[in-house]
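So you can see what is in the structure, the chains are spelled out below.
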Amino acid sequence: MGRTLSEKVWDEHVVRRSDGEPDLLFVDLHLIHEVTSPQAFDGLRLAGRRVRRPDLTLATEDHNVPTLDVDKPIADPVSRTQVETLRRNCEEFGIRLHPLGDADQGIVHVVGPQLGLTQPGTTVVCGDSHTSTHGAFGALAFGIGTSELEHVLATQTLPQSRPKTMAVTVDGTLPEGVTAKDLVLTLIAKVGTGGGQGHVVEYRGEAIRGLSMEARMTLCNMSIEWGAKAGMVAPDDVTFDYLRGRPHAPSGSEWDAAVEYWRSLVTDNDATFDREVVLDGSAMTPFVTWGTNPGQGVPLGGAVPDPGDFGDEGDRIAADKALAYMGLSAGTPMRDIAIDTVFVGSCTNGRLEDLRAAAQVIKGRTVAESTRMLVVPGSARVRLQAEDEGLDVIFKEAGAEWRGAGCSMCLGMNPDQLAPGERSASTSNRNFEGRQGKGGRTHLVSPLVAAATAVTGRLASPADL
Amino acid sequence: MEKFSVHTGRAIPLRRSSVDTDQIIPSEYLKRVTRTGFEDGLFAAWRADPEFPLNREEYADGTVLIAGPDFGIGSSREHAVWALQDYGFRVVVSSRFGDIFRGNAGKTGLLAAKVEQDVVERLWSLVESDPAVEVTVDVEAREVRAGDFTAGFDIDDYTRWRLLEGLDDIGITLSHEADITAYESSRNSLKPRTLPARSA
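What counts and what doesn't
- Residues numbered from 1 in each chain as written.
- Chains lettered and ligands numbered in written order.
- Predicted model: local features only at pLDDT ≥ 70, side-chain atom pairs only at ≥ 80, totals over all residues.
- Heavy atoms only, no water.
- 1 Å grid on protein atoms, 1.4 Å probe; cavity = no way out; pocket = protein on both sides within 12 Å on 5 of 7 lines; lining within 4 Å.
- Points joined across faces, edges and corners; volume = space filled by probe spheres on them.
- Nonpolar A, V, L, I, M, F, W, Y, C, P; charged D, E, K, R; others polar.
- Helix = DSSP H or I, 4+ residues; strand = E, 2+ residues; numbered from the N terminus.
- Buried < 20%, exposed > 50% of the residue type's maximum accessible area, 1.4 Å probe, protein only.
- Lys, Arg positive; Asp, Glu negative; His and termini not counted.
- Salt bridge = Lys/Arg side-chain N within 4 Å of Asp/Glu carboxyl O.
- Polar contact = N/O pair within 3.5 Å; in protein donor to acceptor, adjacent residues only side chain to side chain.
- Contact = heavy atoms within 4.5 Å.
- Phe/Tyr/Trp six-rings, centres within 6.5 Å; stacked < 30°, edge-to-face > 60°.
- Pairing = 2+ DSSP bridges.
- Right-handed = clockwise from strand over helix to strand, strands pointing away.
- Core = buried A, V, L, I, M, F, W, Y, C linked by side-chain atoms within 4.5 Å.
- Patch = residues over 30% accessible without salt bridge, like charges linked within 9 Å, V, L, I, M, F, W, Y side chains within 5 Å.
- Areas by Shrake-Rupley, 256 points an atom, 1.4 Å probe, with all protein chains shown as cover.
- Charge placed at Lys NZ, Arg CZ, Asp CG, Glu CD.
- Axes fitted to C-alpha atoms, helices over the stretch in contact; angles between N-to-C directions.

Caption draft 1: View of empty space enclosed by the protein. Following the criterion strictly, the structure yields six cavities of 30 Å³ or more and no others. What the largest cavity holds in volume is close to 200 Å³. Lining the largest cavity we find 22 residues, and of these A:H63, A:D128, A:H130, A:L411 and A:R435 sit closest to its centre. When grouped by side-chain class, the residues that make up the lining of the largest cavity number eight nonpolar, nine polar and five charged. Roughly 100 Å³ of internal volume is contained in the second largest cavity. If you trace the second largest cavity, you find 15 residues lining it, with B:G72, B:I73, B:G74, B:G98 and B:I100 closest to the centre. Here the lining of the second largest cavity takes four residues from helix α3 (residues 99-108) of chain B, the largest share from any one element. Taken together, the residues that form the lining of the second largest cavity break down as four nonpolar, nine polar and two charged.

Caption draft 2: Up close: the side chain of A:K181. Residues and elements named next belong to chain A. Among the secondary structure elements, K181 is positioned in helix α6 (residues 180-191). Within the buried set, K181 has no salt-bridge partner at all; the shortest N-O distance to an opposite charge, 8.0 Å, is to D182. Polar side-chain contacts of K181 include one of 2.6 Å to the backbone oxygen of T427. Not counting residues within four places of it along the chain, the set of residues in contact with K181 comprises T218, M222, T348, N349, S426, T427, S428, V445 and S446.

Caption draft 3: Local environment of the packing of aromatic side chains. Under the defined criterion, the tally for this structure stands at 16 aromatic pairs over all chains. Summarising the aromatic geometry, the rings of B:Y87 and B:F89 are spaced 5.6 Å apart at their centres and angled 20° between planes, so their arrangement reads as stacked. In this structure B:Y87 comes out as partly exposed when scored by relative accessible area, which is 26%. An aromatic cluster is defined as three or more aromatic residues linked by ring pairs; in this entry it consists of A:F240, A:W255 and A:W262.

Caption draft 4: View of the pairing of strand β4 (residues 111-114) of chain B. Residues and elements named next belong to chain B. Looking at chain direction, strand β3 (residues 91-94) and β4 are connected through four bridges and run parallel. If you follow V93 over to β4, its bridge partner there is A113. In this fold, the crossover linking β3 to β4 by way of α3 has right-handed handedness.

Caption draft 5: The nonpolar core, seen in detail. Judged by nonpolar contacts, the single largest core of 108 residues is most densely connected at A:M373, A:F395, B:F43, B:F71, B:L84 and B:L111. Sequence-distant contacts of A:F395, that is, excluding residues within four places in its chain, are made with A:L355, A:A358, A:A359, A:I362, A:M373, A:V375, A:A400 and A:W402. Grouped together as the second largest cluster of nonpolar side chains are 73 residues, A:L5, A:V9, A:A40 and A:I144 included.

Caption draft 6: Inspection of a negative patch on the surface at higher detail. Residues A:D312, A:E313, A:D315, B:E116, B:D118, B:E121 and B:D154 make up a contiguous surface patch of negative charge. Every element with two or more residues in the negative patch is listed here: α11 (313-326) of chain A together with α4 (117-129) of chain B. Following the sequence through the fold, A:D312 ends up in the loop between β14 (297-299) and α11. A relative accessible area of 43% places A:D312 in the partly exposed class.

Caption draft 7: Structural context of α3(B). All names here are of chain B. Counted residue by residue, α3 has seven buried out of ten residues, so it is predominantly covered. Burial in α3 covers these residues: I100, F101, N104, A105, G106, K107 and T108. Where α3 terminates, the next one or two residues include G109, which has phi positive at roughly 90°.

Caption draft 8: Structural context of the sheet that holds strand β12 (residues 275-280) of chain A. Residue and element names in this part refer to chain A. On the basis of which strands lie adjacent, the open sheet formed by four strands has the order β11-β10-β9-β12 and parallel pairing. One side of each edge strand has no neighbouring strand; the edge strands of this open sheet are β11 (230-232) and β12. Put simply, the sheet's adjacent strands are angled 20° from each other on average, direction ignored. Relative to β12, strand β9 (residues 164-171) is paired through six bridges, and the arrangement is parallel. Bridging from a neighbouring strand, A167 pairs with E276 of β12. α6 rests against β9, β10 (199-204) and β12 of the sheet, and its axis sits at about 125° to β12.

Caption draft 9: Representation of the sheet that holds strand β16 (residues 372-375) of chain A. Residue and element names in this part refer to chain A. In space, the five strands of this open sheet follow the order β17-β16-β15-β18-β19, with parallel pairing throughout. In this open sheet, the two edge strands, each paired with only one partner strand, are β17 (401-402) and β19 (441-444). In this sheet, β19 lies alongside strand β18 (residues 423-426) in parallel orientation, the contact comprising four bridges. Across the sheet, A425 pairs through a bridge with H443, a residue of β19.

Here's what the structure looks like:
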């Protein structure tokens, strides 16, 4: 019987298989950042272990780093200690690090792909749940905890139970103004935050094939938000065109051999999935969240739902609590919701295409008086590229703040945070309570909706301008 | 990891679904570089409410958390498991767990016991009507027991074995080092390497 894409990648990485035990998988690329790694390095030191494959490991500083005054020492002493700890650990164990100030510094899930390190058919892990991003290349990529991180450092492998497989097939083409972000928010609202648990998902169908590489990363990035172990897209010419010429992509005759191998990474016609979800991409519209998990969303043209309309008691209680936290009343049209802060950035939507999309909307317009707009490139390289294209000037002329690279307001570990009660339209991935700052209220949106919202001061799409 | 075979203790009901790891421990507590002392961050925002179960006197000694479905979704932060353990929890019972959280729990000896939702409902009402009721979680028998009530829970064989034996994963894997070396020697040479570093 044929195999799915994820089964092919899985099988290729099995180091050891034994009845009653998880498979031992080889890890091709281990990405590291400052927050989840210090205790793992301590564990290695305590046990007298080394890093087995520094040549398959890459570190960058992203979660804690400030996006202002990036040439000065980090002001928060606790954050500074954590970043300095990463620097010391990388030096001690011989790991390549892109520190603050380096042209390749940035969010770990932006840096790996832009260096060409994320490639089809690889296994990629990182102590960060949004590692699912890398699945956009046909890699098997998933987030791990600190104990697993230590395990990978010491052995370059991970014991993993074989997950189930799922296909998400999106037919049709996405209408103008509808992005990968809207697609994935639509999907999560349908299947719920636990809908993908235990499954590796392959995104397929005409709408997926039509997505750019960066849009595919947005989609796969949010696989974890509906509980999937990993999300993947089969590599194709879009993937190969993106990779060609990148620093760590194969070159010369190796390139041709790699492409030949990559082309084999597709689900066989006679393969079967354990589950399948089918969506119609052509019926999708801009989609935004109203609640406190990514599954609590509606079309931008819709209204805040009435918790009483939910059939399931658990959903009803959750919706009640979410509305209380968000300060919203049932029936309020989403377009009437006033926004204090617009955040464009994160590993979900902090890439060059995202910044271009937002800039195109805001060009020649101004950010509403009652609203502030933060634009945070996903990496220092993205920032440089955007500046080459003059995007920084467009944002600054509109009244937005143009910042340095990092995770920033996506999770508020640096000074970029919401104040209690402050409401954001954010291109990031999580609208959990307090995620962007204690008491902060988050609406997840696409870069297009973010930019239009900045102009009107209320949730809006470019078509509303 | 300490061996875990049976645990008996009082329980705390948490009637919330989709409890994400940002709620279990907010990101401001993740800046530490140490491995212990995370109890102050556990449910930090919710603990501001005096009625939050962890603040109520009758649940003061709880070591078993009975939570709604989809507990531990979201961020991969193992700090969520550490915070629960540092606070004194040995077991979390729920009908569904976030995959990464459940994996992290299994690595550090916090038991994530997966049961049917009606079992959660039954335990909630038992504990709420008598907070002093002792709940026993038996890894050997894969059972959760409270008073006359007994129900099975799901745990994969491998995690169960590791908990019962208190085994260190890395040690197990390193005993198969020859397999890793053999894999490395026949691995596809086209795969990327981070070193030597190349830049655009």
